[in-house]
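Fold and geometry: a report
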Amino acid sequence: MKKLINSPDTVVTDALAGLAAAHSSLTVDIENKIITRAGGPTAGKVGLVSGGGAGHEPLHGGFVGYGMLDAACPGEVFTSPVPDQMLAATKAVNAGAGVLHVVKNYTGDVLNFRMAAELADDEGIEVSSVVVNDDVAVQDSLYTAGRRGVGATVFVEKIAGALAERGASLAEVVALAAEVNERSRSFGVALTSCTVPAAGKPTFELAEQEIELGIGIHGEPGRTRAALKPARDIVATAMDAIGADIPLDGDLLVMVNGMGGTPLIELYIAFNEVSRYLAGRGARIARNLVGNYITSLDMQGFSVTVCRLSDTLTELWDAPVETPGLRWGR
């Protein structure tokens, strides 16, 4: 294993120290693993908190800032943060209007966020949760009851964050976050495994000319293994799976996301194939992202996330955002 690290035991805390050094807009509690906006909460604004295992950067800490999250709490690599972290983050962003927990559908995350919400309620903080479950690849996985939460998490955090920034109520922000999740679907493909630093070896093995279709962001198995094919055929498989679950028409928000080890040149090739696929079906990519947004350490591969836009969702997507991972309009 070759990793640019000091020790497998300090990967997360060392990375958090680097995040703090790089971004003065953030306050990073390295010991307790909590990332918040440096300015503190805005009075009367709904607070947005998310979190999950480290290893998916920039998700979630890279999306803390104006127009998105108010706080994030990372666990160890691919390990859920604990309820005490989530409670501390919730209390840190509570400004009197309630707090939304954005939770990816993984068993540990769901259970721990639920416990944190109950603890917050005991302290008089109103908390609501939206569980993201956009992955069409498999119904259940090693970590999940139901569908996994993957790329749509970025869409939920951005669009719901924009609405919260405008002073909407907790109920309104929750309803919008749930709508974004409902309108979004994802599918991922792995060309290689990832290597968890503490394990020191690949999570699984793929033959030289073999890929995993429907892979999870922790290396969970997908639908099937298949022979490596041209990018257009791999993309078509992903888009067929998404299209079997939601209509691919009208204006769409599309993210072609790298898993951490895929060169940008290959992601643009994949995006071009997605664009060709959708154009052939009369749909329009109205907004897009291409790059690393929800990764799986050093895995080579990509995922596609599609959200069916409305005028309101497009307006909120375009609203200003200023975070380490997304920035426009300010």
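This one's a predicted model, so the numbers in the text were calculated from it and none came from an experiment. (Residues numbered from 1 in each chain as written. Predicted model: local features only at pLDDT ≥ 70, side-chain atom pairs only at ≥ 80, totals over all residues. Heavy atoms only, no water.)

1. Examining the nonpolar core
- Within the largest apolar cluster, 63 residues are counted, with the highest numbers of intra-cluster contacts made by Leu48, Phe63, Leu100, Val154, Val173 and Leu326.
- A total of nine residues in this core trace back to one element, the largest contributor, which is helix α4 (residues 152–165).
- When residues no more than four places from it in sequence are discounted, the contact partners of Val173 are Val46, Leu48, Leu100, Ala160, Leu163, Ala164 and Ala168.
- The next biggest cluster of nonpolar side chains, apart from the first, holds 30 residues, and it includes Ala137, Val189, Ile242 and Leu248. (Core = buried A, V, L, I, M, F, W, Y, C linked by side-chain atoms within 4.5 Å. Buried < 20%, exposed > 50% of the residue type's maximum accessible area, 1.4 Å probe, protein only. Helix = DSSP H or I, 4+ residues; strand = E, 2+ residues; numbered from the N terminus. Contact = heavy atoms within 4.5 Å.)

2. Some points on a negative patch on the surface
- A contiguous patch of negative charge on the surface is contributed by Glu118, Asp121, Asp122 and Glu126.
- For Glu126, the location among the structural elements is in the loop between α3 (107–122) and β6 (127–132).
- A relative accessible area of 51% means that Glu126 is categorised as exposed. (Patch = residues over 30% accessible without salt bridge, like charges linked within 9 Å, V, L, I, M, F, W, Y side chains within 5 Å. Areas by Shrake-Rupley, 256 points an atom, 1.4 Å probe, with all protein chains shown as cover. Salt bridge = Lys/Arg side-chain N within 4 Å of Asp/Glu carboxyl O. Lys, Arg positive; Asp, Glu negative; His and termini not counted. Charge placed at Lys NZ, Arg CZ, Asp CG, Glu CD.)

3. Some remarks on α4
- When the terminal C-alpha atoms of α4 are compared, their 20 Å separation across 14 residues agrees well with the 20 Å that a helix rising 1.5 Å per residue should span.
- Among the 14 residues that make up α4, 13 are buried, leaving the element largely enclosed by the rest of the structure.
- A positive backbone phi angle near 90° is found at Gly167, which sits one or two residues after α4. (Expected span 1.5 Å × (residues − 1).)

4. A look at the sheet that holds strand β2 (residues 34–37)
- On the basis of which strands lie adjacent, the open sheet formed by six strands has the order β1-β2-β4-β3-β5-β6 and mixed pairing. Strand pairing shows two members of the sheet lacking a second neighbour, β1 (26–29) and β6, which therefore form its edges. Across the sheet, the mean angle separating the axes of adjacent strands is 20° when strand polarity is ignored.
- Sheet topology places strand β3 (residues 47–54) next to strand β5 (residues 99–104); four bridges connect them, and they run parallel. The residue bridging Leu48 from the neighbouring strand is Leu100, located in β5.
- The strands that α3 touches are β3, β5 and β6; relative to β5, the one it contacts most, it runs at about 165°.
- Contacts from helix α5 (residues 170–182) reach β3, β5 and β6 within the one sheet, and its direction differs from that of β6 by about 5°. (Pairing = 2+ DSSP bridges. Axes fitted to C-alpha atoms, helices over the stretch in contact; angles between N-to-C directions.)

5. Things to note about the packing of α4 against helix α8 (residues 311–318)
- Two numbers describe how α4 lies on α8: the axes approach to 8 Å, and their chain directions differ by 90°. Compared by their axis directions, α4 and α8 come out roughly perpendicular. For the pair α4 and α8, contact is made by Phe155, Lys158, Ile159, Ala162 and Leu163 and by Leu313, Leu316 and Trp317, respectively.
- Considered class by class, the residues forming the contact of α4 with α8 number seven nonpolar, no polar and one charged. (Parallel < 35°, antiparallel > 145°, perpendicular 65-115°, else oblique. Nonpolar A, V, L, I, M, F, W, Y, C, P; charged D, E, K, R; others polar.)

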